[in-house]
Amino acid sequence: MEREGQIRIPAGCAIAALVSRDGSKTSGEAITNAMKPMRDRSNGLGGGFAAYGIYPEYKDFYALHLFFDSRDVRKGCEAFLKERFEIVQSEIIPTRKIPEITDEPIIWRYFVAPLQSQLKSAQLDGDEFVSRAVMKINAQMDGAYVFSSGKNMGAFKAVGFPEDVSRFYRLEEYQAYQWTAHGRYPTNTPGWWGGAHPFGLLDYTVVHNGEISSYDANRRFIEMFGYKCTLQTDTEVITYIMDYLLRVQRLTLTETANVIAAPFWSAIEQLSDAEERARLRYLRAVFPSLLITGPFSIVLGFNGGLMALNDRLKLRSMVVGEKDDKVFVASEEAAIRAMEENVENVWSPAGGEPVVVRVKEGAF
Amino acid sequence: MTVIDVSGLDHKTINESLRRADGECALLHCCGQRFIAAGMSDKKITIEGIPGNALGAYLNGASIVVNSNAQDQTGDTMNEGVIVIHGDVGDAAGYAMRGGRIFVRGNAGYRAGIHMKAYGAKSPAVVIGGRAGSFLGEYQAGGVIVVLGLGSDGQALVGDFPCTGMHGGKLYLRTDRLTVPFPNQVTARPASEEDLDELRKLLAEYCDQFGLVLDEVMNAPFTVVTPDSQNPYRRMYVAN
């Protein structure tokens, strides 16, 4: 098939998320139901889910989810992993054969810990070590692709409609305190398994509806810091920007939102609070190349919570609702109603206004 | 009256059923189906549940009542008819509409009334009972938008950048306190007697729909925003 750069596909998308502030777990059923009323927002060229808290028995190990084109590629990749990691468990990710999902690659998961000797000689922490290994595989190892690499969480994605992808991966068998989901209607790039959402690095995952116009400016900047954008897709670059600002630069979620969906200069100048004005000016001045322009609504998932964010002009829709300990986010209110009919406090956050939900400390 | 349970039905099936039905119809358990009643002219439709995007697109005379919230692009390019929303409405309500009425009891999202237009006897109206999001009336070319701010508890009636690119029509705000800057190409002034007469007619219809008392709604200062001239952006472009 034709890959990124060989073909441009014109086109919308659907996103949804469900999180329990108490850390109570649910199966993949509710989040799958959310995607059904939004079917028209996808075209069957990509669907995916991220689930948090699903591997409690391996919670101290990085869970690597990989696609392989062939057995040979898998053997080669496993040799690469064994040089760097202790692999405590490796297995085929259980799937269900269904007519809606075809041409699947070989799909494996590995629970790994970086070898202490390797960490010492590289003088890196575990997260950075894993991040570099992921970049190396995805950029250099033809036919191998890491699509999930965090602890106690995992992404599951495929070419297909999201509700079929959920059945394919048997998501009703997983229990998570937080789920995010995506239905893809590819714009620009062809639909293939790696290009489906969520995009993930470590425990950060992004599901995205939109088409950012700052892709190349963002890509050029972020690639200076070792990230490799291999897919020409805007969601990949958003994921790396999140990792860079949150993990590497240690910005808060709100600060990160203020960088990527920065208020207009005119809006900053109108603020009466001098300290707030200075803070926003500072963030825009230090990270001008990480301003994301063009339409987007995204949900960033991480261990212990999520952040939902619209572009500052709000060129995509996003609705938030609550019920008891649960918070719901989706492109459409109908999707939230499909998860929880009696949802309360339904509102649409303003453009550039981050909605951060955290799971109670100790509950995840 | 035809009652249709639309659970699990797609928009095509729903609209075919609506076209076959005579006169009044009620849709039950709606959950996100798009394009409901698109282009229809002779129906009276009541919707329970959440209708999907582009509700009543190209509507040509039919009337729709939604007893909950509605999503985005309600009344997209509608030509005639009435859409009544008892809850809130999503983004871009009344997108490019050229006739008819949209009455919203609650709040509207971003870009309500974007690119509304009027021609000859056709003049559309959008009335928002609560507050409106940013970019209200963006590129408005005709027709009337009203924001009442009922129950707004002192919160701003409109978001940022209202009337950006406005070059026709009118915006009424039920307040004399403007909290955000308006573009240079428009003028905001207190409503005149003539304005209030026009508004009273429209709001009589609105109040009727929601059981509100017209005199109470009218009993407040109104501000009118209009473009400065028929072609306020001429100097921004090169003449050719």
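Residues numbered from 1 in each chain as written. Chains lettered and ligands numbered in written order. Predicted model: local features only at pLDDT ≥ 70, side-chain atom pairs only at ≥ 80, totals over all residues.

### Quick look at the overall build of chain B
For chain B, the count of helices and strands is three helices and eleven strands. Along its sequence from the N terminus, chain B presents helices and strands in the succession β-α-β-β-β-β-β-β-β-β-β-α-α-β. Relative to a compact globule of 240 residues, whose C-alpha radius of gyration would be 18 Å, chain B shows 18 Å and is just as compact. Across its three principal axes, chain B shows a C-alpha extent of roughly 50 × 50 × 30 Å. Every one of the 240 residues in chain B was classed for burial, and the buried ones make up 50%. (Helix = DSSP H or I, 4+ residues; strand = E, 2+ residues; numbered from the N terminus. Rg over C-alpha atoms; globule rule 2.2 N^0.38 Å. Buried ≥ 20, exposed ≤ 12 C-beta atoms within 10 Å, placed from the backbone.)

### Description of the overall build of chain A
Secondary structure summary: chain A contains eleven helices and 16 strands in total. In terms of overall dimensions, chain A is globule-like: its C-alpha atoms have a radius of gyration of 19 Å, near the 21 Å expected for 364 residues. Each principal axis of the C-alpha atoms in chain A carries an extent, and together these give about 60 × 50 × 45 Å.

### Observations regarding the sheet that holds strand β5 (residues 106–114) of chain A
All names here are of chain A. On the basis of which strands lie adjacent, the open sheet formed by four strands has the order β4-β5-β3-β6 and antiparallel pairing. With one partner strand each, in any of the chains shown, β4 (85–92) and β6 (144–148) form the two edges of the open sheet. On average, adjacent strands in this sheet sit at an angle of 30° to one another, irrespective of strand direction. With seven bridges joining them, β4 and β5 adopt antiparallel strand pairing. Following the sheet pairing, Glu91 is matched in β5 by Arg109. (Pairing = 2+ DSSP bridges. Axes fitted to C-alpha atoms, helices over the stretch in contact; angles between N-to-C directions.)

### Points about the interface of chain A and chain B
Each partner contributes to the interface: chain A provides 15 residues, whereas chain B provides 14 residues. It is helix α11 (residues 333–339) of chain A that provides the largest number of residues to the side of chain A that touches chain B, a total of five residues. Grouping the constituent residues of the side of chain A that touches chain B by class yields seven nonpolar, three polar and five charged. (Contact = placed C-beta atoms within 7 Å. Nonpolar A, V, L, I, M, F, W, Y, C, P; charged D, E, K, R; others polar.)

### Quick word on the nonpolar core
Counting residues in hydrophobic clusters, the biggest one holds 177 residues, and the most contacted among them are Ala16 and Ile241 of chain A together with Ile128 of chain B. Lining this core are residues from two domains, each supplying at least three of them: domain 1 (1–61) and domain 2 (88–228) of chain B. Look past the residues within four positions of Ala16 of chain A in its chain and what remains in contact with it is Ile31, Ala34, Met35, Ala181, Val329, Ala330 and Ala335 of chain A. (Core = buried A, V, L, I, M, F, W, Y, C linked by C-beta atoms within 7 Å. Domains from an automatic or database assignment.)

### Regarding the domain arrangement of chain B
Taken domain by domain, chain B comprises domain 1 (1–61) and domain 2 (88–228). Taking only C-alpha atoms into account, the centre of domain 1 of chain B sits 27 Å from that of domain 2 of chain B.

### Points about the sheet that holds strand β10 (residues 204–210) of chain A
Residue and element names in this part refer to chain A. Spatially, the five strands line up as an open sheet ordered β9-β10-β11-β12-β16, and their pairing is antiparallel. At either end of the open sheet lies a strand with only one pairing partner, and these are β9 (199–201) and β16 (355–358). Direction aside, neighbouring strands of the sheet carry axes that sit 15° apart on average. Sheet topology note: the strand β11 (residues 296–302)/strand β12 (residues 305–310) ladder contains six bridges and is antiparallel. Bridge pairing in β12 places Gly301 opposite Leu306. This element, helix α7 (residues 234–248), spans β9, β10 and β11 of the sheet and lies at about 140° to β10.

### Here we look at the packing of helix α6 (residues 215–223) of chain A against α7 of chain A
Residues and elements named next belong to chain A. Where α6 contacts α7, the axes come no closer than 10 Å and their chain directions differ by 45°. The angle between α6 and α7 falls in the class oblique. When you trace α6 past α7, the crossing you get is left-handed. Packed against α6, whose contacting residues are Tyr215, Asn218, Arg219 and Ile222, the element α7 presents Asp234, Val237, Tyr240, Ile241 and Tyr244 at the interface. (Parallel < 35°, antiparallel > 145°, perpendicular 65-115°, else oblique. Left-handed = near helix turned anticlockwise from the far one by under 90°.)

### Some thoughts on α6 of chain A
All names here are of chain A. For α6, the full list of buried residues reads Tyr215, Asn218 and Ile222. All buried residues of α6 fall inside an arc of 70° around its axis, so they share one side. Those residues of α6 that are buried lie in contact with α7. (Arc of directions from axis to C-beta.)

### Overview of the pairing of β6 of chain A
Residues and elements named next belong to chain A. In terms of burial, β6 is a largely internal element, five of the five residues being buried. Two strands pair when backbone bridges link them, and strand β3 (residues 62–68) and β6 are joined in this way by four bridges, in the antiparallel orientation. Each residue of the ladder has a partner; that of Phe68, found in β6, is Ala144.

### A word on unusual backbone geometry
A cis amide bond links His197 of chain A to the next residue, Pro198 of chain A, at an omega of 0°. As for its position among the elements, Pro198 of chain A is in the loop between β8 (178–184) and β9. Backbone geometry places Asp324 of chain A, a non-glycine residue, at a positive phi of 50°. In this structure, Asp324 of chain A sits in the loop between β13 (319–323) and β14 (326–330). Notably, Tyr58 of chain B is not glycine yet its phi reads approximately 60°, a positive angle. By secondary structure assignment, the location of Tyr58 of chain B is in the loop between β3 (44–50) and β4 (60–66).

### Points about the environment of Gly56 of chain B
Residue and element names in this part refer to chain B. Mapped onto the elements of the fold, Gly56 is located in the loop between β3 and β4. In this structure Gly56 comes out as buried when scored by C-beta crowding, with 31 C-beta atoms within 10 Å. Once the C-alpha coordinates of Gly56 and Arg200 are considered, the two residues, 144 residues apart in sequence, prove to be 26 Å apart. Setting aside residues up to four positions removed in sequence, Gly56 forms contacts with Ile36, Ala37, Ile64, Thr74, Gly75, Met78 and Ile83.

### Thoughts on the pairing of β3 of chain A
All names here are of chain A. Among the seven residues in β3, seven count as buried, and that is most of the element. Of the pairings in the sheet, the one linking β3 to β5 comprises seven bridges and is antiparallel in character. Note that in β5 the partner of Tyr62 across the bridge is Val112.

### Observations regarding the confidence of the model for chain B
For chain B, mean pLDDT is 95; residues scoring 70 or higher make up 97% of the total. Across the interfaces of the predicted complex, the ipTM metric reaches 0.93, alongside a pTM of 0.94. (pLDDT = per-residue confidence, 0-100.)

### Quick word on the packing of α7 of chain A against helix α8 (residues 253–260) of chain A
All names here are of chain A. It is at 10 Å that the axes of α7 and α8 come closest, and there the two elements cross at 135°. Here α7 is positioned oblique relative to α8, judged by the angle of their axes. As for the relative orientation of α7 and α8, their crossing is right-handed in sense. Facing α7, whose interface residues are Ile241, Met242, Leu245 and Leu246, α8 presents Thr256, Val259 and Ile260. Classifying every residue of the contact of α7 with α8 by side-chain character gives six nonpolar, one polar and no charged.

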